[in-house]
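This is what each chain is made of:
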There are 2 protein chains.
Amino acid sequence: MARRSDHSRDEIREMALSAVEELVSKKGYEGLSARKVAAAIGYTVGTLYLVFENLDDLVVQVNARTLDRLNLQMMEAVGEIGDDRQRLMSLGQSYIRFAEEDPHLWEMVFKHRVPRNGQLPAWYQEKVSRMFAQVERCLKPIAGHKTPGEIAQAARALWGGVHGICILAVTGKLGGVGVESVPDLAESLLINYLDGFTGSRNP
Amino acid sequence: MARRSDHSRDEIREMALSAVEELVSKKGYEGLSARKVAAAIGYTVGTLYLVFENLDDLVVQVNARTLDRLNLQMMEAVGEIGDDRQRLMSLGQSYIRFAEEDPHLWEMVFKHRVPRNGQLPAWYQEKVSRMFAQVERCLKPIAGHKTPGEIAQAARALWGGVHGICILAVTGKLGGVGVESVPDLAESLLINYLDGFTGSRNP
DNA sequence: AAAATTAATTAAACAACGTTTAATTATGGG
DNA sequence: CCCATAATTAAACGTTGTTTAATTAATTTT
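Residues numbered from 1 in each chain as written. Chains lettered and ligands numbered in written order. Predicted model: local features only at pLDDT ≥ 70, side-chain atom pairs only at ≥ 80, totals over all residues. Heavy atoms only, no water.

J.: For this particular structure, what's the right way to read the interface of chain A and chain B?
T.: Quite often, the size of an interface is put as the accessible area lost when its parts meet. With 43 residues of chain A in contact, the opposing surface of chain B contributes 43 residues. By the criterion of area lost to chain B, the three top residues of chain A are Arg113(A), Arg156(A) and Lys173(A), representing 19% of everything that side buries. Counting every contact that joins chain A to chain B gives zero salt bridges. At the junction of chain A and chain B, the tally comes to 10 residue pairs in polar contact (both at pLDDT 80 or more). For the side of chain A that touches chain B, the elements supplying multiple residues, two or more each, are α6 (103-111), α7 (122-139), α8 (148-170) and α9 (182-198) of chain A. (Contact = heavy atoms within 4.5 Å. Buried area = accessible area lost by both parts, 1.4 Å probe. Salt bridge = Lys/Arg side-chain N within 4 Å of Asp/Glu carboxyl O. Polar contact = N/O pair within 3.5 Å; in protein donor to acceptor, adjacent residues only side chain to side chain. Helix = DSSP H or I, 4+ residues; strand = E, 2+ residues; numbered from the N terminus.)

Spelled out as structure tokens, the structure:
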């Protein structure tokens, strides 16, 4: 059969993205394959290649959705009011919770390396930057008379740090320490860094 | 032909490990394949499977060697004398230099997820722990009256942090900031964290 | 309404992959 | 010299990403 038009191009796209999310979420990145995705949505690989450039393209687009969800969850967690330091803590714990709730999907965002050109699209970079922007926004009120450049640097150092702790925990490379202590480690990192950054110890 | 015995089992093992190192170093983890390794050492895949359990086993053993080299380089960098904080800085810069000099090989250590059982061998975990032990040793003299548990936590938080910054930089996800600023970011992380950890600002 | 065009979908092919199997072939001891 | 042993390979299997040509349904044209 052909030209069934049971689903529009966008519908197929949506179905494929969801199928990948479910597959990766359950079996991990290495359990993913074009044929499995196609079978899951009731089509053949050929149809998949009509909608997506290739499998890497499909993965990048799923990663984009994951980043969007992460950004949303962090935005909800940080809220508007409250102690500035406490808001940064919430931001960190929110990041960790996201990674714990769906480790495979979260891991794929950072495990995946683009194949040919080696450069991620600009709209993708923008989603990453949005995450750092949230940290910078929380950092600004307690940064004293630090320059914007210093704040940007602090945001990246801090969030790289939180991210690294998550990665090592998820891949079992924290040296005997399990996943359960990740929030404690991140809290230690945030508290001590902020103490140093602001030059004052918090109550 | 068969039973050439041109090389002993251990020699083939050594040749294979070196071949993987060269392949991954040049083409990255995704450019690796059993057949390429076999061809590089002048044998067939079958011989490879006589010496190694499977390709994952081969990768794990290469990762072990990479971790050994990393540990060695860090040990040389930290030295014995000098300011305690400065030694921690050297440790961090040494880690970063290692990741920059051979990003693909370094990345494979943390990208690779064991397949079936999902658990890394004990001797592998021990190599990871040795790295944290170096950090703890440097941390101890400036830790005041912190407990060993607190020092262990600080070491993991700090090194998770340095590692995360490296990962984000190598995978191009630092949000517009390039690899060149990694040392600065790590220095920011270390200085501010240590300021908070010791409760005193350094000169 | 029938025919011709267009486009969606598939089946089949390709090369490469990890891994296993059976068949070879060189070496050692009798 | 032959036989048993063990090293090595060739070939096979199932799966992978991707491309190709063929098929088929819907749309347009006559």
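J.: For this particular structure, what's the right way to read the side chain of Gln134(B)?
T.: Tracing the backbone shows Gln134(B) in helix α7 (residues 122-139). Excluding residues within four positions of it along the chain, Gln134(B) makes contact with Asn71(B), Met74(B), Met75(B), Val78(B) and Leu91(B).

J.: Explanation requested: the packing of aromatic side chains in the structure shown.
T.: One pair of aromatic rings is described through two measures. These are the centre distance and the angle between the planes. If you walk through the whole model with that rule in mind, you get 10 aromatic pairs over all chains. Grouped by ring-pair contacts, the aromatic residues Tyr95(A), Trp106(A), Phe110(A) and Trp159(A) constitute a single cluster. The ring of Phe197(B) is capped by Lys146(B), whose NZ or CZ atom sits 4.5 Å from the centre of that ring. Stacked on the ring of Phe132(B), the Lys or Arg Arg156(B) has its end atom at 4.7 Å from the ring centre. (Phe/Tyr/Trp six-rings, centres within 6.5 Å; stacked < 30°, edge-to-face > 60°. Lys NZ or Arg CZ within 6 Å of the ring centre and 35° of its normal.)

J.: Can you help me understand the environment of Ile167(B) in this one?
T.: Here Ile167(B) is to be found in helix α8 (residues 148-170). Through-space distance from the C-alpha of Ile167(B) to that of Trp123(B) is 24 Å; in sequence the pair is 44 residues apart. Setting aside anything within four residues of it in sequence, one finds Ile167(B) in contact with His163(A) and Trp106(B).

J.: Would you mind going over the domain arrangement of chain A with me for this structure?
T.: Residue and element names in this part refer to chain A. According to the domain assignment, chain A contains domain 1 (7-52) and domain 2 (63-198). Placing a centre on the C-alpha atoms of domain 1 and another on those of domain 2 gives a separation of 29 Å. Taken together, the contact between domain 1 and domain 2 spans nine residues of the former and eight residues of the latter. With both sides pooled, the region where domain 1 packs onto domain 2 buries about 840 Å², and carbon together with sulfur makes up 55% of that total. The largest share of the area that domain 1 buries against domain 2 comes from Glu21, Ser25 and Tyr29, three residues that together contribute 57% of it. Remark: the boundary between domain 1 and domain 2 carries four salt bridges. In this structure, Glu21 engages Arg69 in a salt bridge whose closest nitrogen and oxygen atoms are separated by 3.8 Å. Taken together, domain 1 and domain 2 are joined by five residue pairs in polar contact (both at pLDDT 80 or more). Considering only residue class, the side of domain 1 that touches domain 2 consists of three nonpolar, three polar and three charged. (Domains from an automatic or database assignment. Nonpolar A, V, L, I, M, F, W, Y, C, P; charged D, E, K, R; others polar.)

J.: For this particular structure, what's the right way to read the pattern of salt bridges?
T.: Between side chains of opposite charge, pairing is possible as soon as their charged atoms come close. Inspection of every chain in the model, using the stated rule, returns 24 salt bridges over all chains. A salt bridge links Arg65(A) to Glu21(A), with the shortest nitrogen-to-oxygen separation between them at 3.1 Å. On the criterion of sequence distance, the pair formed by Arg65(A) in helix α4 (residues 55-78) and Glu21(A) in helix α1 (residues 9-27) is long-range, its members being 44 residues apart. By relative accessible area, Arg65(A) is classed as partly exposed at 21%. Arg130(B) is the partner of Asp68(B) in a salt bridge, and the nearest nitrogen-oxygen pair spans 3.2 Å. Pair noted here: Asp68(B) is in helix α4 (residues 55-78) and Arg130(B) is in helix α7, with a separation of 62 residues, a long-range link. The exposure class of Asp68(B) is partly exposed, given its relative accessible area of 29%. The structure contains a network of salt bridges with shared partners spanning Glu14(A), Glu21(A), Arg65(A) and Arg69(A). (Buried < 20%, exposed > 50% of the residue type's maximum accessible area, 1.4 Å probe, protein only.)

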